[in-house]
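Descriptive structure summary
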Amino acid sequence: MSDALLQAVDLHKHYRLPREQLLAARPLVQALAGVSFTLRRGRSLGIVGESGSGKSTLARLVMALEAPTAGQVLFDGQDLNRLAPGALRRARAGFQMVFQDPYGSLDPRRRVLQTVAEPLAVLHGASRAEQRERAAEALDAVGLRSADLDKYPHEFSGGQRQRIAIARALITRPKLIVADEPVSALDVSVQAQVLNLMQDLQDRFEVTYLFISHDLAVVDLVCDEVIVLQQGRIVEQGHPDQLFHQPQHPYTQRLLAAVPGNAGRIAPT
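Report on the accompanying structure. (Residues numbered from 1 in each chain as written. Predicted model: local features only at pLDDT ≥ 70, side-chain atom pairs only at ≥ 80, totals over all residues. Heavy atoms only, no water.)

So, on to the sheet that holds strand β9 (residues 225–230). If you walk across this open sheet you meet the six strands as β6-β7-β8-β3-β9-β10, and the pairing is mixed. Only two strands of the sheet have a single partner each, and these edge strands are β6 (95–98) and β10 (233–238). Neighbour to neighbour, the strand axes of the sheet diverge by 20° on average, direction disregarded. Sheet topology places β6 next to strand β7 (residues 176–180); four bridges connect them, and they run parallel. In the strand pairing of β7, Val-98 is matched with Ala-179. On top of the sheet, helix α5 (residues 158–170) reaches β6 and β7; it is set at about 170° to β6, its chief contact. (Pairing = 2+ DSSP bridges. Helix = DSSP H or I, 4+ residues; strand = E, 2+ residues; numbered from the N terminus. Axes fitted to C-alpha atoms, helices over the stretch in contact; angles between N-to-C directions. Contact = heavy atoms within 4.5 Å.)

Take the sheet that holds strand β5 (residues 78–79) next. What the four strands build is an open sheet, ordered β2-β1-β4-β5; its pairing is antiparallel. Each of the sheet's edge strands pairs with one partner strand only, and the pair in question is β2 (28–40) and β5. Here two bridges tie strand β4 (residues 70–75) to β5, and the two strands are oriented antiparallel to one another. Within β5, the position partnered with Leu-74 by the bridge is Asp-79. Of the strands in this sheet, β1 (4–16), β2 and β4 are in contact with helix α1 (residues 55–62), which crosses β1 at around 120°.

Consecutive side chains along a regular strand alternate between the two faces of the sheet. Two strands pair when backbone bridges link them, and β1 and β4 are joined in this way by five bridges, in the antiparallel orientation. By the bridge assignment, Ala-8 is partnered in β4 with Val-73. Once β4 ends, the chain turns through two residues before running back antiparallel as β5, passing Asp-76 with a positive phi of about 55°.

One broad trend across soluble globular proteins is that nonpolar side chains are buried collectively. In terms of nonpolar packing, the biggest core is built from 47 residues, with Val-116, Val-142, Ile-166, Leu-201 and Phe-211 touching the most fellow members. Ranked by the residues each element gives to this core, the list is headed by helix α6 (residues 188–205), at six residues. Excluding residues that lie within four positions of it along the chain, Phe-211 makes contacts with Leu-45, Gly-46, Ile-47, Ala-179, Pro-182, Leu-195, Met-198, Val-218, Val-222 and Cys-223. Residues Leu-11, Leu-58, Phe-75 and Leu-88 belong to the second largest nonpolar core, which totals 30 residues. (Core = buried A, V, L, I, M, F, W, Y, C linked by side-chain atoms within 4.5 Å. Buried < 20%, exposed > 50% of the residue type's maximum accessible area, 1.4 Å probe, protein only.)

Without other data, these values stay purely geometric and don't point to any function.
If you want it as structure tokens, here you go:
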């Protein structure tokens, strides 16, 4: 078995915008331009960059929610965009996503059991008894109680809601979790709790993380390697200590200088 769990191979993604005039050509936007990386099993890779740098586009391609214009996304050696629909559905059990907003990502009309067990029901066709058992196990893993399965999202705090979202991502026992700004909507004190939880779950379940964030401090804390995206291109890549303390690219230096307290501390190379 290869050590590489996820590989992006020369990913390009273009979008056509609406016409500005009736007879004009539709403008072309290049969201990603030749992005390549390898994420090894049990590791955490951070993707950082400003809004519009291509981070969320990359997440959608990795999750096979969109197809690249060119290039490949290989998960466990399989090109996700060449899989037949049934094979892709089976592969999806191996990768799940945690979204930014714990308030918007949970349906307020559905009980926690329905929300957490949904991937298990859709991807595995599990019985109701198995769904409840596995959902209770997932809640326990994130520090909640099985009694919480019958509650609604409004009965929980923001941090607890994000724990529920993480439980939903864990229930299929995935190899990869794509975390798209998973703590940016939370209070600072709660952020630390959720990040500690994610690290603990990685140790317990050998989960691999693709961690997308604009918060450099968060990425520095939880990631083994970091990629800096600018306008759809990788401009710098390396260990957090290297990138955040001795950045080489001017764009990385500007990102760090914009962090409160860092102004004047990052010297151009």
